[in-house]
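# Structural description and commentary
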Amino acid sequence: MLRFILSRFITGAFAFMAILWLGLWIIRQIPGSHAELAAWEAEAEQSTPAGQEAPLPGFYWSIGSIFSKSRGPFLQWNGTGNSFHLWACRYAKMDFGNSLVDGLPVKEKFRRALPWSMALQLPAIALLLLLSVWLALEAVMRSGSWSMAIADRLLTGLYAVPGFWLATVLLLLFANAECLQILPTGMHGAPSPNPYRLWWVAPQYYLLPLLCLVLPSLAYLQRLVRNGLLEHLQKPHWKRALSTGLPIRTALLMEALPAALPPLVTWMAGVLPALVSGSVIIEQIFSIPGLGRLLYQSIAVRDWPMVQFLFFLGSALTVLGFMCSDLLLRWLDPRLKQTA
Amino acid sequence: MAGSEAKTNRVNAYSQLRKQRIWLFVSLHLLLGWTVLASWVTGSKPVVCKYQGEWHVPVLDDQPRKGSRLALDLIERAGSDYKLLSYDLVLWPLFSRDPHLLKPEAAWLHPLEKDLAGNVYCLGTYELGRDLLAACIFGLQRSAWLGLLAMGIAGVLGGIIGSFAAFQSQRHGRISWVSAAAVSLLLLLILVEALHFAEPGNFSWTGLSGLVAVVISLAWLSVKTWKCRPKIHFSLDRISLAYVEIMKSIPGLLLLLLLVQIVPNAGAIEIALMLALLYSPVAIKYSRSFAMRRIPEPHIDALLALGASPARIYFRHVLPRVWPELFPVLVFGFAQVVLLEASLSFLGLGLSLDTVSLGTIMHAARSNPSAWWVVVFPAILLFWLVYSLNALGDWLSRDFSQDHSGGGSAFP
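A brief report on the enclosed structure follows. All of these numbers come straight from a predicted model, not from anything done at the bench. (Residues numbered from 1 in each chain as written. Chains lettered and ligands numbered in written order. Predicted model: local features only at pLDDT ≥ 70, side-chain atom pairs only at ≥ 80, totals over all residues. Heavy atoms only, no water.)

Glancing now at unusual backbone geometry. Notably, A:S287 is not glycine yet its phi reads approximately 40°, a positive angle. Tracing the backbone shows A:S287 in the loop between α13 (280-285) and α14 (291-300). (Helix = DSSP H or I, 4+ residues; strand = E, 2+ residues; numbered from the N terminus.)

Moving on to the nonpolar core. Ranked by size, the top nonpolar core spans 181 residues in total, and within it A:L229, A:F286, A:F309, B:V318 and B:L382 carry the most contacts. Per-element accounting of this core gives the leading share, 19 residues, to helix α11 (residues 310-347) of chain B. Residue contacts for B:L382: discarding those within four places in its chain leaves A:P162, A:F164, B:V338, B:L339, B:A342, B:L358 and B:M362. B:Y51, B:L70, B:Y82 and B:Y87 belong to the second-largest nonpolar core, a separate cluster that totals seven residues. (Core = buried A, V, L, I, M, F, W, Y, C linked by side-chain atoms within 4.5 Å. Buried < 20%, exposed > 50% of the residue type's maximum accessible area, 1.4 Å probe, protein only. Contact = heavy atoms within 4.5 Å.)

Our next topic: the packing of aromatic side chains. Residue and element names in this part refer to chain B. Inspection of every chain in the model, using the stated rule, returns 17 aromatic pairs over all chains. On the numbers, 5.4 Å between centres and 40° between planes, the contact of F167 with Y314 is tilted. Remark: Y314 occurs in helix α11 and F167 occurs in helix α4 (residues 132-169); sequence separation between them is 147 residues. Residue classification places Y314 among the buried positions, given a relative accessible area of 2%. Aromatic pair Y286 and F290: ring centres 6.0 Å apart, planes at 40°, arrangement tilted. Note that Y286 and F290 are positioned in helix α9 (residues 268-294) at a spacing of four residues, about one turn of the helix. When sorted by exposure, Y286 lands in the same class as F290, which is buried. (Phe/Tyr/Trp six-rings, centres within 6.5 Å; stacked < 30°, edge-to-face > 60°.)

With that settled, the discussion passes to the interface of chain A and chain B. Listed as interface residues are 53 residues of chain A and, on the opposing side, 46 residues of chain B. Of the roughly 4,600 Å² buried between chain A and chain B on both sides combined, carbon and sulfur atoms contribute 75%. Our count for the chain A to chain B interface comes out at two salt bridges. Residue A:R223 is joined to B:D394 by a salt bridge in which the shortest nitrogen-to-oxygen separation is 3.2 Å. (Buried area = accessible area lost by both parts, 1.4 Å probe. Salt bridge = Lys/Arg side-chain N within 4 Å of Asp/Glu carboxyl O.)

Written as structure tokens, this is what we have:
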């Protein structure tokens, strides 16, 4: 087990390095970002005034361009004087830099945005899991009944509805002076600046965003659990469970559900990074000042230190999520140990 | 043999779809017809016209043929408006409305409201007086084409790479490192030199004959070393798995938001390429796992024993069996790509805002929240397209117990 954890950790670290390099390379390819970043880096290092020096090379080695007229050496070693190295050193010292827009530390902006994303995403994920498992159990127990047929159609329909459209239509219906004005359109006039307290004071602010996050993904998850359950209902261990005389609901919960969990665990790996990029669109529409909106706005105003930090965070959480789900899967499904 | 079997399966699937899901059959044909024929139904260009003895099909081209009478007169006499010319023979589209024509005085009209000149707009107008009906017709066409292009690229490339990686890793088609290096060097050389020769003034017979000599020797080297069994061999499988692993570990939407920034004013083709890049790991992963299940089958061993070449086994017996299984995955991916493009354009980050697509129409509604018609009608079309595709994917994968929706929607 320890060996597995170690090897998984090492491959995870390599994947993380590759992703970071790729992400920073992509950010450098955006027109204009190179000069802005170089000026900012020179300022951060306080070595030379901005623009006096040729921009630093991007990575430990650079590959000569085949297409350029001036053909230098094909592979050139840059040593530690490259921006990736400097960037990694800064991040290792937990110095994430300052925002280019308002000069606030990136850490501070992150600390302000995080609670909003947590307050929105954690209940959404919990609700999603509970609803999907419940609906899947109902679908298995009452398969063939007309109520389940209707629910199935509804869920399939919801799967084809994009979250942003649902958000716009719900706003048109329930937060519109010409229709019904019973819910707020966004977080503008929220009675409490603390996102967690807002759940107690005025939960109606969270109602629409929560619905828009939960409903479009519900069908996918319910399918996942239901198919897993149906697959296990044809196996001998299910017949054994029934023959013990357990009530069918208990048997489903105790016997079939744990066996149907692995796909759900794989899906849960995506939950951690969803904190960063999962609700960009919904947070933007409802103007919730969380991480998704911060990401969208930093990209829109070209605030590269902020974007770099959020990319770092997003990919770190993804790699971490996959590592956790792999470990959890091995614990849930002992057969994996033998095959690996 | 396998090819003809796959063909019969395809024909069976088509007639079975008509028998089992007639509504889906009709709806898919309607969508296909719409996508192909949209610019023949509405627009301000004639479908076919005869102008001063020359035939033209203006809907197919951005501009009329260079040097033709039509091209000259269109610019000189008509100011690029086809309506002002007189033709010998002309067939106009059914509706003459074009979403690219702006009438700022008739902006944000309600459905069925008349503008000052007395024109009725069935679905109303939106920003800058664009006609919503025409915009919806063009928007659905663009969304469907874009998704088809993205999924086509990702599906064909990912399908071939994934299944070939599986085939190669299972002992049947080992490639030596020498051969793989020679093939990639060959392709790189041809690409670079083609770009070099394409520039005017760069052509020389000595250069060309030298290139031909190098190409022939590299090709000889790659063929000679293809089947040799050195200790270390080139494993496409490991490389493609690493690619899938890395791409899977990047939050997709984050990557897309950054990629979109690289190309300012990205057109439909650039967006489609980015979406294809985003979906290629899904196609690779699934085609690899489907091929992995097919390759250990006994008939492949029998073919090997009969002396069939690896290329023959791969192209005639592995690939044709991977496609039918991969197809539902690609259909689900198509639906997801359409949704993703619409979301991006809705945020104002995808297609540029004067390009008409379902997402950009709904983006316009954000500046005028009370214009319900601008949200509702494009959304119904989007829902129709995505629902039909999902239903098709469901129906196609009904025989397989696995889940094929390719990782689901961007969470949550």
